[in-house]
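# Coordinate analysis (summary)
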Amino acid sequence: PSEPSAKVNILLQAYISRLKLEGFALIADMAFIKQSAARIMRALFEIALRRGWSALAKLCLDMSNMVSFKVWRSQSPLRQFSDVPEVVARKLERKSDIEWDRYTDLTASDIGELVGVPKLGRALHKLINQYPRLEVSAQIQPITRSLLRVEATLTPAFHFDVDIHGYQLLFHVIVEDVNGEHILHHELFSLRSRESDQEHVLSFTVPILDPLQPAYFIRVKSDRWLHSVGVLPISFNTMILPAKFPPPTELLDLQPLLPQALGEPALSRIFTVAEFNPIQTQSFHELFKTDRNSLVLAPSGSGKTVCGVFAILRMLSTNPEGICVYVAPNSEIADPTFKSWRNMFGALLPSGSVDKLSGDTTSDLKVLGSARVVIATVSQWDMLSRRWRNRKAVQRVSLIIFDELHFLGGNSGPTLEIVISRTRFMSNELKALDSEKSPLRIIGLGSPIANARDVGEWMGVQSKSLFNFSPKARPSPLEIYFQSFEQSNYAGRLLAMAKPVYTAVDRHLDGKSAIVFVPSRRQAQLTAIDLMTFGGNHGNSKFLGMSSVDKVTLMASSLREAALQQVVPAGIGFVHGGMVQSDWNTVMELYEEGAIRVLVCPAELCWKIQCVAHLVVVMGTEAYDGREKRHVDYPISDVVRMMGRHAPGRSGKCVILCHSSKKDSLKKLLYDPLPVESHLDSYLHDPLNAEIVSKSISSMQDAIDYLTWTFLYRRLAKNPTYYGFRGTSSA
């Protein structure tokens, strides 16, 4: 044929059909087809995948595999096994009335009769059961009206044979719209031979299109095997979307208040700042001039802890016997707050007035009886407040401050929810017993929450005492840069990020400091060495504070970790949870003095380190979870915390490097307020049993009354699909 496209078409068909050609020119052209056809089809598949063209992507992947195996899609899938006789394959292809999926239901004798060779029944049955096949199930949870969380469970339904399949099989997990035209989400799933008998869970988010479609389709398609595809329709007929969230609190353009606004010189002297920032100024009157419950939600690094101090100063000046309890989700937040407040209130209160709980009930009750400001973690206060009816010290508490409320959606969320619910219940009961007693005041602090009004109503906060600022309303501006990577392999993606991390640090450092968050302690060491290598000669590094070269060299020689001795003279340090304490202290001292300008740190320590930087780089947004045996995304609260590590009062920069499939959902969650849902439904048995043992619950009615105080009770009706409920009517 004269047309090149027609010639290519004919040669492709001849190659897939395994036809033999004669003539030197045709054989030469066929060699080109043999070398390039599969690669070109794979490239077209990748292009269609990036553009989100579902039908074309599936067609190109099938074409690529047809060329690779020399098997037509209309032929028997068993032709992809090398030991299936041609006669048997042809007999199977004549049985076109039997769909391929039904072959798994047939016994060995049935298959033998089907092909007319009973002796081959067992061998064919074995091959059919070795054909890659995944069963798919999914649970959906609407996070907002435009974002849907999907938890897909993939169960291998075939016998994995290393000789046939290799040591791993790749599958494409594709979420399509109802027409099968657009790809809403794509990720690669790797099934390893040693995990072929286990269930695998994938969690991801997809956009909810407007107008709402009747269904989405999850398609799990093998990367190399034709006809190996599992399809699961996700119907939205019974899904109930949550209501629209109210707008955030507007940050008013107010004249900044000075510490002298507190009235007494002794109170204003505890602050080292010249003036309060806009968020502190706007919430000052509600926190310091009233005794109402309040909720202050603002971006990380906005000085929310100072807002808690306002409430404490109000208690100290109006209630001479008042006791304040500050509750943090974990010790990484509680310990630095204790050190800071002990110094802050040192000149204002007698020695020992600021103390923290240890977890031992006897000593903690003594602390609660003698101190004025008590620092506790959620679990410590949970243990101490369970028997509140019998503990006068707990009943005497007049102010409770709950910090980092956005942790309600995290691992410590159920305990935090129970503690706040119990506090509200306790306050209500004590007020009923003694109407003259001043009510227990509850203050909530945290990052912006989309459903802040629900959280506020649950905590007994009036609308005028609720401050839910936008994530963009930062006292100091923060520039955020995203860079996505296409590599599906986790290790390969981290390798690809090495140079861009150095480029980001080099471009945005501006002679100041930088913190690089990495997924693991091993990666911290590797990244520090990579930064040093890319930076050139470490004796002349731009990451080193030039005024302290001799001091850095001297202190580096005293470090016990060999890799640290190598990178610290280059102005780069790293820390991790397994370090010797002396090395940790030395690296932190050098960084805070400005002697070294770059600190590399595992993401798991983001709540432990208290230092700040001009630039924050987040190298990857997922880490390996040993319990789940897979890579899981960082909690969004951790990412928000990392972003908030920039120096207060100055503009900061944040560079986030992530997998391309996570970029859009990550942007949405970081730029919009964070929605928070209750996780108490999975852990309800623990607090209920604890309350029954402490005799707070003694009947079915008590248990129901107890549940009405929880955040779960309020959210069940607001977002029922998230908790597994379905709509039963079209009303």
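Each remark here, short or long, concerns the structure printed above.
Residues numbered from 1 in each chain as written. Predicted model: local features only at pLDDT ≥ 70, side-chain atom pairs only at ≥ 80, totals over all residues. Heavy atoms only, no water.

### Here's the deal with the overall build of the chain
To keep it simple, the criterion reads: Helix and strand assignments follow DSSP, with helices taken as H or I runs no shorter than four residues and strands as E runs no shorter than two, numbered in order from the N terminus. Remark: exposure states derive from per-residue accessible area (1.4 Å probe, protein chains only) relative to the maximum for the residue type, with buried under 20%, exposed over 50%, and partly exposed in between. Only heavy atoms enter the contact rule, under which two residues are in contact if any of them lie within 4.5 Å. Note that accessible areas follow from Shrake-Rupley with a 1.4 Å probe, and for residues the cover is restricted to the protein chains shown. Note that His is not counted, nor are the chain ends; the positive residues are Lys and Arg, and the negative ones are Asp and Glu. Charge positions are represented by NZ for Lys, CZ for Arg, CG for Asp and CD for Glu.
Counting its secondary structure elements, the chain contains 26 helices and 22 strands. A burial count over the chain gives 52% of its 731 residues as buried. For the chain, the share of sequence-separated contacts (at least 6 apart) that also reach a separation of at least 24 residues comes to 70%. Of the roughly 34,500 Å² of accessible surface on the chain, 51% is carried by carbon and sulfur atoms. Both charge centroids of the chain, one from 81 positive and one from 73 negative side chains, sit 1 Å from each other.

### Examining the sheet that holds strand β12 (residues 399-402)
Filter applied, for reference: Two strands are said to pair when DSSP picks up at least two bridges between them. With axes taken as lines fitted to C-alpha atoms, and helix axes fitted only over the stretch in contact, angles between N-to-C directions fall between 0 and 180 degrees.
Strand order in the open sheet formed by seven strands is β10-β11-β9-β12-β13-β8-β14, with parallel pairing between adjacent strands. Two strands close off the open sheet at either side, each with one partner strand: β10 (354-356) and β14 (466-468). The average undirected angle you get between the axes of adjacent strands in this sheet is 15 degrees. When strand β9 (residues 324-328) meets strand β11 (residues 373-377), the two strands line up parallel, connected through five bridges.

### With respect to the nonpolar core
To be explicit about the condition: To define a nonpolar core, start from buried Ala, Val, Leu, Ile, Met, Phe, Trp, Tyr and Cys residues and group those joined through side-chain atoms within 4.5 Å.
Of all hydrophobic cores here, the largest spans 152 residues; its most connected members are F345 and W381. Ranked by residue count, the leading element in this core is helix α10 (residues 304-318), at eight residues. Setting aside residues up to four positions removed in sequence, F345 forms contacts with I270, V309, I312, L313, L316 and V354.

### Quick notes on the sheet that holds strand β19 (residues 615-619)
Strand order in the open sheet formed by six strands is β15-β22-β19-β16-β18-β17, with parallel pairing between adjacent strands. Pairing within the sheet leaves two strands with one partner each, and these edge strands are β15 (478-485) and β17 (572-574). For this sheet, the mean angle separating the axes of adjacent strands, direction not counted, is 15 degrees. With eight bridges joining them, β15 and strand β22 (residues 652-659) adopt parallel strand pairing. What sits directly across from Y481, in β22, is V655.

### Focus on α10
Within an α-helix, residues lying three or four positions from one another point in the same direction, as the helix has 3.6 residues per turn. Formally: Expected span, for any helix, means 1.5 Å times one less than how many residues it has.
Along its 15 residues, α10 runs 22 Å from first to last C-alpha, staying within 8% of the 21 Å computed at 1.5 Å per residue. Listing the buried residues of α10 in full gives K304, C307, G308, V309, F310, A311, I312, L313, R314, M315 and L316.

### Describing a nonpolar patch on the surface
What counts here: For patch detection, residues must exceed 30% relative accessible area and be free of salt bridges, and they are connected within 9 Å for like charges or within 5 Å for nonpolar side chains (Val, Leu, Ile, Met, Phe, Trp, Tyr). Any Lys or Arg side-chain nitrogen found within 4 Å of a carboxyl oxygen on Asp or Glu counts as a salt bridge.
The grouping of I40, L44, I47, W53, L56 and L59 at the surface amounts to a nonpolar patch, some 520 Å² of accessible area in total. Residue assignment for the nonpolar patch shows that the elements contributing at least two residues are α2 (24-51) and α3 (54-69). Looking at the nonpolar patch element by element, the count peaks at three residues for α2. On the basis of relative accessibility, which here comes to 44%, the residue I47 falls in the partly exposed class.

### Quick look at unusual backbone geometry
Of note, the bond from D210 into P211 is cis; its omega dihedral lies within 30 degrees of zero at 5 degrees. Note on placement: P211 falls in the loop between β5 (200-207) and β6 (215-222). The backbone of D510 shows a phi angle near 55 degrees, a positive value even though the residue is not glycine. Mapping D510 onto the fold places it in the loop between α17 (490-508) and β16 (514-518).

### Quick notes on the pairing of strand β3 (residues 168-176)
With seven of nine residues buried, β3 is to be regarded as a mostly interior element. In this structure, β3 lies alongside strand β4 (residues 183-192), joined through nine bridges in antiparallel fashion. What sits directly across from Q168, in β4, is R192. Between the antiparallel neighbours β3 and β4 lie six residues, among them G180 with a positive phi of about 70 degrees. Of the strand pairs in this sheet, β3 and β6 are connected by six bridges, and their pairing is antiparallel. Paired with V173 across the bridge in β6 is V220.

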